[in-house]
Amino acid sequence: MDMENEVRWRLRDEDHIVGYERHVGRRIFSSADGLWWRGDRLNYTSKDRCLMHKDINNQWLFEGDVVTWHAQSGQWQLLFEENKWVLCQDAFSIPAPKQDRLLKRVGFAFLR
């Protein structure tokens, strides 16, 4: 599938991840585990946009993930703000790198 025309989402019920969704053109696929996809929709209360890049463990990165990229970088929250991806730490933010296997997810900080 053409990744440029695909948008992925992590689906949540409050702070509990219930599955994932892929939008490809006008079609929507859902998966409880991110591996087996079907046309049936899952129930959720919130969804987090995917960066469309994977972390060093080959896992998709999503808005609200807490990431690091080397031992001295500290922990940063991945956010999608004003149509751009940023990493935020306290009151400081920088553009998020758009490269596979650079960041490492170390946790979640789900937005409400």
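Here, the structure is the one placed above.
Cut-off values and rules
Residues numbered from 1 in each chain as written. Predicted model: local features only at pLDDT ≥ 70, side-chain atom pairs only at ≥ 80, totals over all residues. Heavy atoms only, no water. Core = buried A, V, L, I, M, F, W, Y, C linked by side-chain atoms within 4.5 Å. Buried < 20%, exposed > 50% of the residue type's maximum accessible area, 1.4 Å probe, protein only. Contact = heavy atoms within 4.5 Å. 1 Å grid on protein atoms, 1.4 Å probe; cavity = no way out; pocket = protein on both sides within 12 Å on 5 of 7 lines; lining within 4 Å. Points joined across faces, edges and corners; volume = space filled by probe spheres on them. Helix = DSSP H or I, 4+ residues; strand = E, 2+ residues; numbered from the N terminus. Nonpolar A, V, L, I, M, F, W, Y, C, P; charged D, E, K, R; others polar. Pairing = 2+ DSSP bridges. Axes fitted to C-alpha atoms, helices over the stretch in contact; angles between N-to-C directions. Salt bridge = Lys/Arg side-chain N within 4 Å of Asp/Glu carboxyl O.

Asker: Honestly, the nonpolar core in this entry has me stumped. Any pointers?
Answerer: One broad trend across soluble globular proteins is that nonpolar side chains are buried collectively. In terms of nonpolar packing, the biggest core is built from nine residues, these being L51, L61, V67, W76, L78, W85, L87, A96 and L103. Ignoring sequence-local partners within four residues, the contact set of L78 consists of L51, L61, F62, E63, G64, D65, W85, V86, L87 and A96.

Asker: Help me understand the layout of surface pockets, please; the structure alone is not making it clear to me.
Answerer: Empty pockets left among the atoms are what a rolling probe the size of a water molecule brings to light. Taken as a whole, the largest pocket holds about 250 Å³ of empty space. Looking at the largest pocket, it is lined by 17 residues, and the ones nearest its centre are Y20, D33, G34, Q59 and W60. Residue assignment for the lining of the largest pocket shows that the elements contributing at least two residues are β1 (6-13), β2 (16-24), β5 (60-62) and β10 (104-108). Tallied by class, residues from the lining of the largest pocket come to eight nonpolar, three polar and six charged.

Asker: For this particular structure, what's the right way to read the side chain of R8?
Answerer: Along the chain, the position of R8 falls in strand β1. Assessed through its relative accessible area of 11%, R8 is described here as buried. Look past the residues within four positions of R8 in its chain and what remains in contact with it is E21, R22, W37, D48, R49, C50, M52, W60 and F62.

Asker: What's the story with the sheet that holds strand β4 (residues 46-54) in this structure? I'm lost.
Answerer: Hydrogen bonds between backbone atoms are what pair the strands of a sheet, whose relative direction is either parallel or antiparallel. Judged by pairing direction, the sheet is antiparallel, and its five strands sit side by side in the order β3-β2-β1-β4-β5 without closing on themselves. Strands at the two margins of the open sheet, each flanked by one partner only, are β3 (27-31) and β5. Within the sheet, the average angular offset between the axes of one strand and its neighbour, ignoring direction, is 35°. When β4 meets β5, the two strands line up antiparallel, connected through two bridges. Looking at the pairing, K54 lines up with W60 of β5.

Asker: Looking at this structure, I do not really get the pattern of salt bridges. What am I missing?
Answerer: One side chain can pair with another of opposite charge once the charged atoms of both are near each other. Counted according to the given criterion, the structure contains nine salt bridges. We note a salt bridge from R41 to E21, for which the minimum N-O separation is 3.2 Å. Of this pair, R41 sits in the loop between β3 and β4 while E21 sits in strand β2, and the two are 20 residues apart along the sequence. Owing to a relative accessible area of 0%, E21 belongs among the buried residues under this scheme.

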